[in-house]
Amino acid sequence: YNINYAPFKNEMEEIGGVIFVMQDITEQQRLDDMRKEFVANVSHELKTPITTVKSYTETLLGGALEDRETAESFLNVILNESDRMDRLVKDLLRLSRMEFKQAKWNKVPLHPCSVLEETVEKLKNRAEDKNQNLVFGRCTEEIEVMFDKDGLEQIYQNIIGNAIKYTPENGEIKIGCHVEADFAVVEIEDNGIGIPEADIKRIFERFYRVDKARSREMGGTGLGLAITRHIAEAHHTVIEVESSMDKGTRFRIVMPLSSRGEKNA
Ligand code: ADP
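An account of the accompanying structure is given in this report. In this text the structure is predicted, and so the values were computed from the model without any measurement. (Residues numbered from 1 in each chain as written. Predicted model: local features only at pLDDT ≥ 70, side-chain atom pairs only at ≥ 80, totals over all residues. Heavy atoms only, no water.)

1. What to know about the packing of helix 4 (residues 149-165) against helix 7 (residues 224-234)
Piece 1. Between helix 4 and helix 7, the least distance of the axes is 9 Å, while the angle of their chain directions is 145°. The hand of the helix 4/helix 7 crossing is left-handed. Judged by residue contacts, Gly 151, Gln 154, Ile 155, Asn 158, Ile 159 and Asn 162 of helix 4 engage Gly 224, Leu 225, Ile 227, Thr 228, Ile 231 and Ala 232 from helix 7. (Axes fitted to C-alpha atoms, helices over the stretch in contact; angles between N-to-C directions. Helix = DSSP H or I, 4+ residues; strand = E, 2+ residues; numbered from the N terminus. Left-handed = near helix turned anticlockwise from the far one by under 90°. Contact = heavy atoms within 4.5 Å.)

Here it is in structure tokens:
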């Protein structure tokens, strides 16, 4: 504890008592540690691609440029690593805007299914590349949620993108939407690698990955679900995860159905 105290005086200028202020510094310490860990993580994430870009460029300048085929493959590595840094910085900016509450949400009535269909359209190629089946199940159309459209797309993209990334070739990803009480529920279920029980509660943390190497290989930044959680919270939305190792994972996005009162708010 951090303790401060000051005497206070009455009208007669006599000391009437002492005020103690006790502050819990464990919380401060925790936030401080988190900040340090975050900076260490960002530095580490950037260091790897920078080292790669630098060494490949040096090798090119050292003579590899003469051989066209080698040069081309080296340049592709440099481009890939630059893309990785680009994604990382963009995700970091997105996250920091949300954490500083600077994100502006334009909440409008949306059909969770129509937005889902649009997002799936954009991700279809990635699933096709892995010969995966993207299956649209039950979709209740006449429902509405109050959501920022880009925000909702981002949530879908991150979760469906992960389902594609963490499901082997020829796998299947089932997508659907239905109503449960006052909520619209979007389910995204894959039959991929699964998430160990102990890790499930941590995957929404910044930079937390079950398998760093695999995430890197898939082009992940480790920030997708942290961003997803922020957007969800700003829209009173809860994301549930159930998973079974080597069997698959189901994400449930539980959004309050829009009511007239909210629309006018
Ligand atoms: P990344 O960029 O690493 O994919 P995310 O924040 O999107 O970062 O996800 C965090 C971690 O959660 C992933 O690295 C992965 O270990 C795990 N994960 C997320 N979705 C799935 C899924 N559908 N199947 C298996 N693991 C998943």
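2. Structural notes on the site of the ligand
Piece 1. Around the ligand, 21 residues are found, and the nearest of them are Lys 165, Tyr 166, Asp 190, Ser 215 and Gly 222.
Piece 2. Between the ligand and Lys 165, the relevant distance is 2.8 Å, taken from an oxygen atom to a side-chain nitrogen or oxygen of the residue.
Piece 3. One of the side-chain N or O atoms of Asp 190 is found 2.8 Å from a nitrogen atom in the ligand.
Piece 4. In isolation the ligand offers 540 Å² of accessible surface; the protein chains occlude 97% of this area.
Piece 5. Those elements giving two or more residues to the shell around the ligand turn out to be helix 4, helix 7 and strand 9 (248-256).
Piece 6. For the shell around the ligand, the leading source of residues is helix 4, giving three residues. (Near = heavy atom within 4 Å. Polar contact = N/O pair within 3.5 Å; in protein donor to acceptor, adjacent residues only side chain to side chain. Areas by Shrake-Rupley, 256 points an atom, 1.4 Å probe, with all protein chains shown as cover.)

3. Section: the sheet that holds strand 8 (residues 238-244)
Piece 1. Taken together, the five strands give an open sheet; going across it, the order is 4-6-7-9-8, and neighbouring strands pair in mixed fashion. Two strands in the sheet have a free side with no partner beyond their single neighbour: strand 4 (133-139) and strand 8. Geometrically, the sheet is characterised by an average inter-axis angle of 15° between neighbouring strands, direction not taken into account.
Piece 2. Sheet topology places strand 6 (residues 172-180) next to strand 7 (residues 183-190); eight bridges connect them, and they run antiparallel. Residue pairing across strands places Glu 180 opposite Phe 183, the latter belonging to strand 7. (Pairing = 2+ DSSP bridges.)

4. Quick word on the side chain of Arg 209
Piece 1. Mapped onto the elements of the fold, Arg 209 is located in the loop between helix 5 (197-200) and helix 6 (212-217).
Piece 2. Here Ser 215 takes part through its side chain, which lies 3.1 Å from a polar atom of the side chain of Arg 209.
Piece 3. Of the polar contacts made by the side chain of Arg 209, one reaches the backbone oxygen of Thr 221; its length is 3.4 Å.
Piece 4. When residues no more than four places from it in sequence are discounted, the contact partners of Arg 209 are Glu 45, Ser 215, Gly 220, Thr 221 and Gly 222.

5. What about unusual backbone geometry?
Piece 1. Even without glycine at this site, Asn 170 takes up a positive phi of about 70°.
Piece 2. Tracing the backbone shows Asn 170 in the loop between helix 4 and strand 6.
Piece 3. Phi at Asp 246 takes a positive value of approximately 65°, unusual for a residue other than glycine.
Piece 4. One can find Asp 246 in the loop between strand 8 and strand 9.

6. What about the packing of aromatic side chains?
Piece 1. Considering all chains together, one arrives at two aromatic pairs under this definition.
Piece 2. Summarising the aromatic geometry, the rings of Phe 38 and Phe 207 are spaced 5.9 Å apart at their centres and angled 35° between planes, so their arrangement reads as tilted. Separated by 169 residues along the polypeptide, Phe 38 in helix 1 (residues 25-61) and Phe 207 in the loop between helix 5 and helix 6 bring together distant segments of the chain.
Piece 3. By relative accessible area, Phe 38 is classed as partly exposed at 22%.
Piece 4. Judged by relative accessible area, Phe 207 falls into the buried class, the value being 4%.
Piece 5. Ring centres of Tyr 56 and Phe 74 lie 4.8 Å apart, and the angle between their planes is 70°; on these two criteria the pair is classed as edge-to-face. Of the two residues, Tyr 56 is situated in helix 1 and Phe 74 in helix 2 (residues 68-99); the sequence distance between them amounts to 18 residues. (Phe/Tyr/Trp six-rings, centres within 6.5 Å; stacked < 30°, edge-to-face > 60°. Buried < 20%, exposed > 50% of the residue type's maximum accessible area, 1.4 Å probe, protein only.)

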